[in-house]
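# Reading the structure
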Amino acid sequence: MSAHPGATGAEADAGSTSNPTEPLPLEGIRVIEFSHMVMGPSCGMILADLGAEVIKVEPRGAGDKTRYLPGSGSGLFPAFNRNKLSVQLDIAEADDRDTVLQLIDSADVLLENFRVGKMESMGFGYEELSTRNPGLIYCSLKGFLSGPYGQRTALDEVVQMLGGLAYMTGPPGQPLRAGASVNDIMGGMFGVIGIQSALRVREQTGHGQLINSALFENNAFLVGTHMAQAQLSDEPLRPMPTRRATWAVYDIFRDAEDNQVFVAAVSDGQWRDLCDEFGLTGLAADSALETNQGRVDQRERIHAELQTALSRLSLSEIEDKCTRRGLPVAPVNTPADLTTDAHLVASGALASTGLPTGESVDVPLLPLTFDGRRLGLRSGVPEPGRHNAHYRDGPSVPNGPPDEGSETVGDWGRPGDGSDTVGAVAELPPDTLDHLGDERTQSQ
């Protein structure tokens with residue numbers, strides 16, 4: 001299997017030890033995934049990366065319509081569908097119902113993020129399926145947990161507005177969605193936590209459980225510190241861009257070429273190191289600035305003098321000086337910059353993931369190592385129905401995943417490029433998107 005493009009052999013092995021004989025954490029666990037967009041697929045991908053056999057059920061024809069989203073949605077499917085197996089079945093159609101039920105009967109986990117009541121209306125609710133498969137762990141990902149909002153439709157942006165995150169992110173009067181689908185992804189992660197916990201309980205009881213994870217409650221969890229602050233302070237909460245400073249130096253500055261760079265000093269020791277490294281002798285000698293509160297009270301003065309000093313230096317010089325003294329520092333990057341980030345490339349954190357079109361994209365692996373080894377890429381993003389012959393068209397549902405040679409030989413330490421996926425899927429014009437799929441709508 002190949003390392004990330006551009007990495008040397010030594011870099012590819014950084015922080016990892018190849019051990020293909022050791023089983024992955026969830027090897028032998030079968031997951032049936034009925035999902036689209038972000039929350040469900042992210043949950044399924046984490047399980048797949050951990051070694052589960054994740055069978056993604058897509059509609060017949062063009063498959064999951066998330067594949068064809070334009071603009072900012074174009075990265076969703078490539079980012080959250082590696083290491084999965086694709087089978088096409090229309091779960092609302094009688095002709096496919098028996099095959100769907102056979103797959104579910106063989107599964108350890110069912111994962112879904114349809115709209116509220118959709119699975120139940122088709123006879124695929126937890127009560128019906130747990131009667132057939134008592135050990136089934138059924139993970140339902142929605143917009144809200146049970147309660148007054150339980151029937152509402154939700155999106156990440158909806159719960160960010162409703163849950164105060166957008167208020168805290170944007171300037172006053174300008175609520176702003178966070179720059180990533182934080183609730184979708186984190187909600188999927190909580191789904192994984194619930195599934196793994198239920199698998200542990202099943203070892204003791206032999207019975208599965210219904211697991212629910214939701215966007216709104218996840219968002220509330222994220223803003224919990226602000227909720228606590230509001231109850232402990234007489235002052236109204238301020239959005240992050242105008243929040244009361246905790247430290248005097250904890251902000252974005254500019255270098256000699258007007259590049260942005262974040263610099264911080266969050267302790268008395270770091271303050272002294274900052275002054276020494278950047279020649280701020282006047283500030284260092286001022287006894288009024290010896291305490292954190294004293295520095296916060298003169299934040300504007302400190303910023304002006306520090307900015308003058310930084311304006312004489314290049315970005316690399318600022319980074320070198322801060323890093324040498326252990327001061328927090330970071331250039332302001334874009335996501336596009338991360339594909340060539342020295343740390344991510346050298347540590348093997350990125351995987352060149354093959355797409356059905358024949359292209360590949362560099363996306364992050366899970367931010368975990370086990371005894372220094374990463375959970376690698378075993379297969380790229382499959383085209384719709386890549387595994388129909390194995391799961392759908394045979395005489396019976398098989399007991400395990402297909403043997404696809406090198407594509408599915410997992411290696412803890414060296415992610416493969418997934419480039420042997422076959423069967424390109426042509427891009428569809430935007431006006432066909434409404435006709436794809438099986439009326440899935442999720443609360444996200």
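Computed from a predicted model, the values in this text were never measured in an experiment.

### Describing the pairing of strand E4 (residues 109–112)
Covered by surrounding structure in E4 are Val-109 and Leu-111 together with Leu-110 and Glu-112, the residues of both alternating faces. Note that strand E1 (residues 30–34) and E4 share four bridges and pair parallel. Across the sheet, the residue bridging to Glu-33 is Leu-111, located in E4. Taken together, the four bridges between E4 and strand E5 (residues 137–142) define a ladder with parallel strand orientation. If you follow Val-109 over to E5, its bridge partner there is Ile-137.

### Side note on the sheet that holds E1
One open sheet accounts for six strands, arranged E3-E2-E1-E4-E5-E6; its pairing is parallel. Of all strands in the sheet, those with a lone pairing partner are strand E3 (85–88) and strand E6 (210–214), marking the two edges. Neighbour-to-neighbour, the strand axes of the sheet open up by a mean angle of 20°, direction not taken into account. The sheet contacts of helix H4 (residues 94–105) involve E1, strand E2 (53–58), E3 and E4, and relative to E1 the element is tilted by about 140°.

### A short note on the layout of surface pockets
In this structure, the second largest pocket spans a volume of roughly 680 Å³. Listing elements by their share of the lining of the second largest pocket, those giving two or more residues are helix H8 (165–169), helix H11 (224–232), strand E7 (249–254) and helix H15 (299–310). Per element, the largest residue contribution to the lining of the second largest pocket is three residues, and it comes from E7. Residues that form the lining of the second largest pocket fall into these classes: ten nonpolar, six polar and seven charged.

### Quick notes on the environment of Pro-328
Among the secondary structure elements, Pro-328 is positioned in the loop between helix H16 (315–324) and strand E9 (329–331). Residues Pro-328 and Val-266, 62 residues apart in the sequence, show an inter-C-alpha distance of 8.7 Å. Ignoring any residue separated from it by four or fewer positions in sequence, one finds Pro-328 in contact with Phe-262, Val-263, Ala-264 and Gln-270.

### Focus: the packing of helix H9 (residues 182–205) against helix H10 (residues 215–222)
One way to put it is that H9 packs onto H10 with a least axis distance of 9 Å and a crossing angle of 100°. On the basis of the axis angle, H9 is roughly perpendicular to H10. Contacts from Val-182, Asn-183, Asp-184, Met-186, Gly-187 and Phe-190 of H9 reach H10 at Leu-215, Asn-218, Asn-219, Phe-221 and Leu-222. Split by residue class, the contact of H9 with H10 holds six nonpolar, four polar and one charged.

### Considering the pairing of E7
Of the pairings in the sheet, the one linking E7 to strand E8 (residues 260–265) comprises six bridges and is antiparallel in character. The partner of Tyr-250 across the bridge, within E8, is Ala-264. A loop of five residues connects E7 with E8, the two strands running antiparallel in sequence, and Asp-258 in this loop sits at a positive phi of about 70°.

### Brief notes about the sheet that holds E7
Strand order in the open sheet made by the three strands is E7-E8-E9, with antiparallel pairing throughout. Edge strands, defined here as strands with exactly one partner in the open sheet, are E7 and E9. Going across the sheet, the axis of each strand differs from the next one's by a mean of 15°, ignoring polarity. Both E8 and E9 contribute to a ladder of three bridges, which runs antiparallel. Bridge assignment links Phe-262 to a residue of E9, and that residue is Ala-330. Docked against the sheet, H15 engages E7 and E8, running at close to 40° with respect to E7. Against the sheet, H16 makes contact with E8 and E9, and its axis sits at roughly 160° relative to E9, the strand it touches most.

### Digging into the packing of helix H2 (residues 39–49) against H9
Taken N-terminus to C-terminus, the directions of H2 and H9 make an angle of 45°; their axes are 8 Å apart at the nearest point. By the angle class used here, H2 and H9 are oblique. Relative to H9, H2 is oriented so that their crossing is right-handed. From H2, Met-39, Ser-42, Cys-43, Ile-46 and Leu-47 reach across to H9, where they touch Asp-184, Ile-185, Gly-187, Gly-188, Met-189, Gly-191, Val-192 and Ile-195.

### Concerning the confidence of the model for the protein
Summary statistics for the protein give a mean pLDDT of 88 and a share of 86% for residues scoring 70 or more. Per-residue pLDDT stays below 50 along residues 1–18; that stretch engages in 43 contacts with residues further than four places along the chain or on separate chains. Scored below 50 in pLDDT, residues 406–444 shows 134 contacts in the model against residues more than four places distant or in partner chains.

### Re helix H12 (residues 268–277)
Among all positions of H12, only Gln-270, Trp-271, Leu-274, Cys-275 and Glu-277 are buried. Here the buried face of H12 lies against E7, E8, helix H13 (281–285), helix H14 (292–297), H15 and H16. Looking one or two places after H12, you find Gly-279, whose phi comes out positive at around 70°.

### Considering the nonpolar core
Within the largest apolar cluster, 33 residues are counted, with the highest numbers of intra-cluster contacts made by Val-31, Leu-47 and Ile-195. The set of elements that each furnish at least two residues to this core consists of H2, helix H3 (76–80), E4, E5, H9 and H10. Take this core: its biggest share by element is six residues, from H2. Setting aside residues up to four positions removed in sequence, Ile-195 forms contacts with Cys-43, Leu-47, Val-109, Ile-137 and Cys-139. The next biggest cluster of nonpolar side chains, apart from the first, holds 24 residues, and it includes Leu-101, Phe-114, Leu-136 and Tyr-391.

What counts, and at which threshold
Residues numbered from 1 in each chain as written. Predicted model: local features only at pLDDT ≥ 70, side-chain atom pairs only at ≥ 80, totals over all residues. Heavy atoms only, no water. Buried < 20%, exposed > 50% of the residue type's maximum accessible area, 1.4 Å probe, protein only. Helix = DSSP H or I, 4+ residues; strand = E, 2+ residues; numbered from the N terminus. Pairing = 2+ DSSP bridges. Axes fitted to C-alpha atoms, helices over the stretch in contact; angles between N-to-C directions. Contact = heavy atoms within 4.5 Å. 1 Å grid on protein atoms, 1.4 Å probe; cavity = no way out; pocket = protein on both sides within 12 Å on 5 of 7 lines; lining within 4 Å. Points joined across faces, edges and corners; volume = space filled by probe spheres on them. Nonpolar A, V, L, I, M, F, W, Y, C, P; charged D, E, K, R; others polar. Parallel < 35°, antiparallel > 145°, perpendicular 65-115°, else oblique. Left-handed = near helix turned anticlockwise from the far one by under 90°. pLDDT = per-residue confidence, 0-100. Core = buried A, V, L, I, M, F, W, Y, C linked by side-chain atoms within 4.5 Å.

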